[in-house]
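Summary of the model geometry
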Amino acid sequence: MLSQSHPLLKFIREKQAYLTEATYFCGKIALLKNECMNEFGKRGNNADLKATIGLENLGNVFWNLTPAELVEDTILNGQGVLTDTGAIAIETGEFTGRSPKDRFVVKDAKTENSVWWGDVNIPVSTEQFDALYNRMKAYLTGKDVYVRDAYACADDNFRMNLRVTTEFPWSNMFAYNMFLRPTDAEIENFDAEWNIVCAPGFLANPEIDGTRQHNFAILNFTRKMIIIGGTGYTGEIKKGIFSVLNYVLPHEKNVLSMHCSANVGEGGDTAIFFGLSGTGKTTLSSDPNRRLIGDDEHGWADNSVFNFEGGCYAKTIDLSKEKEPQIYDAIKFGAILENIGFVGETSTPDYADGKITENTRVSYPIDFIDNIMTPSVGSGPKNIFFLTADAFGVLPPISRLTKEQAMYHFMSGYTAKVAGTEVGITEPTTTFSACFGKAFLPLHPAKYAKLLGEKLEGTDIKVWLINTGWSGGSYGVGSRMKLSYTRAMITAALTGKLDNVEFATLPVFELAFPTSCEGVPAEILNPRETWADKAAYDKTANHLAEQFVKNFEIYAAETSADILAAAPKTKMTV
Ligand code: ATP
Ligand code: MN
């Protein structure tokens, strides 16, 4: 961060001291006059926090402030600094990532028989929710809050109006960046269907509240509310609504909700890219030759693919203008950088700095990317990519899946994590996350797989498995696939250049991979050939295959024989 003597910090401190005093006296006067709620900004005619979600006796209520106003408040609060890119930089505090073990769903008449209960959707009772929310309301008494009216789902048929009430201005600005933005006229008559209340400063007490620890995110489908406390990680807001849509769309509207990015080629062909965190959804969907629909969450309705969001949330670790020009250039005024470091004592971001976390991020409205689809809707996909960062270096950088393999890999949702950054730790760990997004699925994974199967049935949609991870050996021996090669392979697939090339079959995983591809050295296409030690490859491939099979055991009973037959065959190969 900035040095203690930096003039900007001095300025902020002076302003803050002045402001704290002023706020204190305003608060006193308001209390004396018994009119705590001072409302500012653009507030709709029917907008009423007390009537809708019971929030009252607040300090100032700032409705739909502009990004400039939110930046100003963030800086004056001492919660962020302006970087020389024009973007503001904030720190999210104790949590720099989501906390899946502290994500709960209210179990009641509506959800009891529909939600997939377990580690992903941990039940809490209505009473618990109400009691915790009451304590949260008490916490917010007398405090300033920021309210944002926004919506999700770029396809008007599925639009969902949201109201996000936050303790901090930057959380509110995140909601502005990430959700779809209503016009001023729309705000005037805005009715919120779902409410999100986010108070990072409010800490739950496990003994009183029945939470696991002091932070929580709770979804209540009956009250149509998400409450978040004890964590400032902005991704909780975004993924909270994603989880809601993962329930509402498949369950009530027969739309497949997907953890994927999407873009459209010049001929109007849509491509979608499924993948777990860090596999390349955001990076690979920003392609100068294709218009972006969205980088993370989409719905697939009859013949359309639409973005849930209105912004992007990109990783910034090791970001460079050369490799990722579109994302780099989106970091300007209006963007919010999270948990980054700085070059020396300057206000220049140092994207190589992972001191706070490797999960450094930037959020920005989608129109910060040059070539986008407006509205963020495309036709049904012609190509589907499953992205996996295979740190074992076993899977081919590109392979084409049969329909059965597609279903198998969709249910498996494989990626691998590198064990850590410490020297000497080289063994990666597998992650299997059904539908490439298990953590956000309120329904059983089979529901989403069934919908995908129906969508693929009888079509010539091509499904590709892309390994954006390791080649030439596992993590520690090999190296990560060059981004420029992955881009070239995807381009080749999208432009039909792989339609007439020869394919070979990889043993064990039985994946069909092209033996040549424009812009890519042929020798990297067969992963086994990139390993100096072939016996080590075979051993690792079998080891990985075993884990696939073991993971799939939980789904075996309800999976058809043809899909089960697409499982890897563990055997020693020549
Ligand atoms: P999240 O769901 O967390 O948003 P994501 O799928 O969008 O994750 P990205 O933000 O695209 O993941 O992250 C991919 C990261 O991997 C980027 O930092 C990118 O620079 C890096 N990377 C390195 N090599 C490759 C490659 N061959 N293909 C894709 N990404 C690569
Ligand atoms: Mn992403």
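Use the structure listed above.
Description of the structure in this document. Predicted, not measured: the structure shown is a model, and the values here were computed from it.

Either a parallel or an antiparallel arrangement is found when strands of a sheet pair, and the pairing is made through backbone hydrogen bonds. One open sheet holds the 9 strands; their spatial order is β1-β2-β7-β8-β9-β11-β10-β5-β6, and the pairing between them is mixed. Of all strands in the sheet, those bounded by a partner on one side alone are β1 (38–41) and β6 (122–124). Between one strand axis and the next, the sheet turns through 20° on average, direction left out of account. Looking at chain direction, β1 and strand β2 (residues 60–63) are connected through 4 bridges and run parallel. Bridge pairing links F40 to F62 in β2. Across the sheet, helix α4 (residues 126–140) touches β5 (103–106), β6, β7 (145–152), β9 (194–199), β10 (216–220) and β11 (225–229), and the angle it forms with β11 is around 60°. Helix-sheet contacts for helix α5 (residues 169–178) involve β7 and β8 (160–166), and the interaxial angle to β7 is about 15°.

Moving on: the packing of aromatic side chains. Scanning the entire structure with this criterion turns up 32 aromatic pairs. Judged by centre distance (5.7 Å) and plane angle (75°), the ring pair of F274 and F386 falls under edge-to-face. One end of the pair, F274, is in strand β13 (residues 270–275); the other, F386, is in strand β23 (residues 381–388), and 112 residues separate them in sequence. Judged by relative accessible area, F386 falls into the buried class, the value being 1%. Taken together, Y408, Y414, F432, F509, F548, F552 and Y555 form an aromatic cluster joined through their ring pairs. R159 extends its terminal NZ or CZ atom over the ring of Y151, reaching a point 3.5 Å from the ring centre. The ring of F368 carries the charged tip of K332 above its face, separated from the ring centre by 4.5 Å.

Procedures and definitions
- Residues numbered from 1 in each chain as written.
- Chains lettered and ligands numbered in written order.
- Predicted model: local features only at pLDDT ≥ 70, side-chain atom pairs only at ≥ 80, totals over all residues.
- Heavy atoms only, no water.
- Pairing = 2+ DSSP bridges.
- Helix = DSSP H or I, 4+ residues; strand = E, 2+ residues; numbered from the N terminus.
- Axes fitted to C-alpha atoms, helices over the stretch in contact; angles between N-to-C directions.
- Contact = heavy atoms within 4.5 Å.
- Phe/Tyr/Trp six-rings, centres within 6.5 Å; stacked < 30°, edge-to-face > 60°.
- Buried < 20%, exposed > 50% of the residue type's maximum accessible area, 1.4 Å probe, protein only.
- Lys NZ or Arg CZ within 6 Å of the ring centre and 35° of its normal.

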